[in-house]
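Coordinate analysis (summary)
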Protein chains: 2
Amino acid sequence: MNVNFDMKSFINNFENSCHKVQKKSFSKNEVITSYIQKRNQLCILTSGNADLVRYDLNGNRTIVEHFSQYDAFGEVFYAVTTNNELLVEAREKCEVLFYIYDDIRNKCRNNCKFHQMLAEDLPELILNKVTDLNMRIELLTKRSIRDKLLGYFNLVSSRYLSKSFSLPFSLTDLADYLSVDRSAMMRELKLLKEDGFIDKTGNKITLLYE
Amino acid sequence: MNVNFDMKSFINNFENSCHKVQKKSFSKNEVITSYIQKRNQLCILTSGNADLVRYDLNGNRTIVEHFSQYDAFGEVFYAVTTNNELLVEAREKCEVLFYIYDDIRNKCRNNCKFHQMLAEDLPELILNKVTDLNMRIELLTKRSIRDKLLGYFNLVSSRYLSKSFSLPFSLTDLADYLSVDRSAMMRELKLLKEDGFIDKTGNKITLLYE
DNA sequence: AATAATTTGTTGCTTTTGCAACAGAAAAAG
DNA sequence: CTTTTTCTGTTGCAAAAGCAACAAATTATT
């Protein structure tokens, strides 16, 4: 199974091959889409970055997923079971392809290349999503803020193949992503520094262990 | 998109159409499979129930997923990124179909009905898995034990279409599933009773709100 | 360049959660 | 049927996390 599905070349080759696919631009903090109603929509972020965010009744914000270039999102990947608000918000200027589907598995009526390829590669696309979700679950099941932070840093570190990296979002957002209190997280970051596990300057982290 | 993929009739119709598919039995507490090595394996639980369990370095046990009849599992659904032990353990006597694949998207070399159908329905199967994972994430992002319990009870309640239901696993296991300390969870269950939110006799729960 | 808005960093206090330990109930094994 | 094992329910205490509030720094906006 090809786990290295190349969204970039897919987009470049087929983006314009179907007139049903719409491209839209969003500026910072705009809502790209919501998962409240049932929309048969698959979205691909072609530039910028965005978050899938949930606001619960207590006013807590959770960053459910973070999207960067060529990530796919939409209700295809998320059968809505909750009564909470689920929004995709642009973190910066974003370009997004919207693909409205009839039946995700079949080609669209126009029989265009875009849909044909997408239908073919969808299982893989979804499997990648599953991998992300599983990593997220692994993080969230860690019992302490310290373990969540270290778990997250390890992930980012192995993704960038480096012990030094910049966080893809602000510390405020990181707390919402790890689902912990921001000030408690800041305290733990300080302790991690004091205990010699990490170095931290702004949002640049260096892992000092292993 | 047909979200009601019927695994039961799929199994009944095609189980014996491919000699590559193996059926094995397991007794309570036996390890059905592990996710340590890369095995090209998709498993379907045809009877009994089992858990995907992770043991971390601190000795904490987490129930990552709970499987009952006709649930599918295996590394297809879980690109292993962790260095922790990931096991599927039988909770009771289980029967499991093992399907070793070459390429999940293509038919097997024998061109049998089983693989043909499975390849066709796989996207749907995976989407169901994604839904489960998202529900799990929603539970885990809740900030307190109380909210995790209520969130979980709501899920089970809506699945059984009843305010009264038996928990699918023991309270010890529930704590490992919600990723919280058992005694703290027991305390919170008692408080939920005292505060009139739930009724509880053994592992039978009744929701008293709404 | 000046002002407004957001994010970071910090702290004291409160609440929640985890840990350890144990007795009784229930379930499994012999 | 008896013994052993696991699970439930409970508690006191310790540790961790959440909350609230604020100043300083950074980043956007006009």
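Higher on the page you've got the structure.
The following paragraphs examine the structure supplied in this document. (Residues numbered from 1 in each chain as written. Chains lettered and ligands numbered in written order. Predicted model: local features only at pLDDT ≥ 70, side-chain atom pairs only at ≥ 80, totals over all residues. Heavy atoms only, no water.)

1. Some remarks on the protein's contact with DNA strand D
Worth spelling out the cut-off: In these notes, residues near a molecule or strand are those with any non-hydrogen atom within 4 Å of it. The term polar contact refers here to a pair of N or O atoms within 3.5 Å; inside protein, the definition further demands a hydrogen-donor-capable atom paired with an acceptor-capable atom, and it admits residues adjacent in sequence only when both atoms are side-chain atoms. Secondary structure follows DSSP: runs of H or I at least 4 residues long count as helices, runs of E at least 2 residues long count as strands, and numbering of each begins at the N terminus.
Around DNA strand D, 18 residues are found, and the nearest of them are Ser144 and Ile145 of chain A together with Thr172, Lys190 and Lys200 of chain B. For DNA strand D, the backbone portion of the atoms within 4 Å of the protein, that is sugar and phosphate, comes to 54%. Interatomic distance of 2.7 Å between a side-chain N/O atom of Lys200 of chain B and a phosphate oxygen of DNA strand D. Elements supplying a minimum of two residues to the surface near DNA strand D: α5 (182–194) of chain A together with α4 (171–178) and α5 (182–194) of chain B. It is α5 of chain B that contributes the most residues to the surface near DNA strand D, five residues altogether.

2. A few points about the interface of chain A and chain B
Threshold: The contact criterion used throughout is that any non-hydrogen atoms of two residues lie within 4.5 Å. For any pair of parts, buried area is found by adding up, for both, the accessible area (1.4 Å probe) each one loses once the two are put together. The rule for a salt bridge is simple: a side-chain nitrogen of Lys or Arg has to be within 4 Å of a carboxyl oxygen of Asp or Glu. Side-chain classes follow a simple rule in which Ala, Val, Leu, Ile, Met, Phe, Trp, Tyr, Cys and Pro form the nonpolar group, Asp, Glu, Lys and Arg form the charged group, and the remainder, Gly included, forms the polar group.
If you look at the interface, chain A gives 42 residues, while chain B gives 42 residues. Regarding the contact of chain A and chain B, the summed buried area is about 3,700 Å², with carbon and sulfur atoms giving 57% of it. Glu138 of chain A is paired through a salt bridge with Arg54 of chain B; the nearest N and O atoms lie 3.9 Å apart. In this structure, the connection of chain A to chain B is made through eight residue pairs in polar contact (both at pLDDT 80 or more). Sorting the residues of the side of chain A that touches chain B by element identifies β5 (61–67) and α2 (113–140) of chain A as the ones contributing at least two each. Broken down by class, the residue content of the side of chain A that touches chain B amounts to 17 nonpolar, eleven polar and 14 charged.

3. Re unusual backbone geometry
Most peptide bonds take the trans form, and the phi angle of most residues other than glycine is negative. Phi is positive for Asn29 of chain A, close to 70°, though the residue is something other than glycine. Of note, Asn29 of chain A is situated in the loop between β1 (22–26) and β2 (31–34).

4. Here's the deal with the protein's contact with DNA strand C
Close to DNA strand C lie 20 residues, the nearest being Thr172, Lys190 and Lys200 of chain A together with Ile145 and Asp181 of chain B. In DNA strand C, atoms within 4 Å of the protein come from the sugar-phosphate backbone in 52% of cases. Arg182 of chain A is positioned with one of its side-chain polar atoms (N or O) 3.1 Å from a base nitrogen of DNA strand C. Elements supplying a minimum of two residues to the surface near DNA strand C: α4 (171–178) and α5 of chain A together with α5 of chain B. Partitioning the surface near DNA strand C into residue classes produces five nonpolar, five polar and ten charged.

5. Regarding the pattern of salt bridges
All names here are of chain A. Definition in use: Per-residue accessibility, obtained with a 1.4 Å probe over protein chains only, is compared with the maximum for each type, and a residue is labelled buried under 20%, exposed over 50%, and partly exposed between these values.
As enumerated under the stated definition, the model contains 20 salt bridges over all chains in all. The partner of Glu188 in a salt bridge is Arg146, and the shortest N-O contact between them spans 2.9 Å. With Glu188 in helix α5 and Arg146 in helix α3 (residues 145–160), this pair connects stretches of sequence that are 42 residues apart. Judged by its relative accessible area of 16%, Glu188 falls in the buried class. Taken together, the shared-partner salt bridges in this structure form one network comprising Asp51, Arg61, Glu89, Arg91, Asp173 and Asp176.

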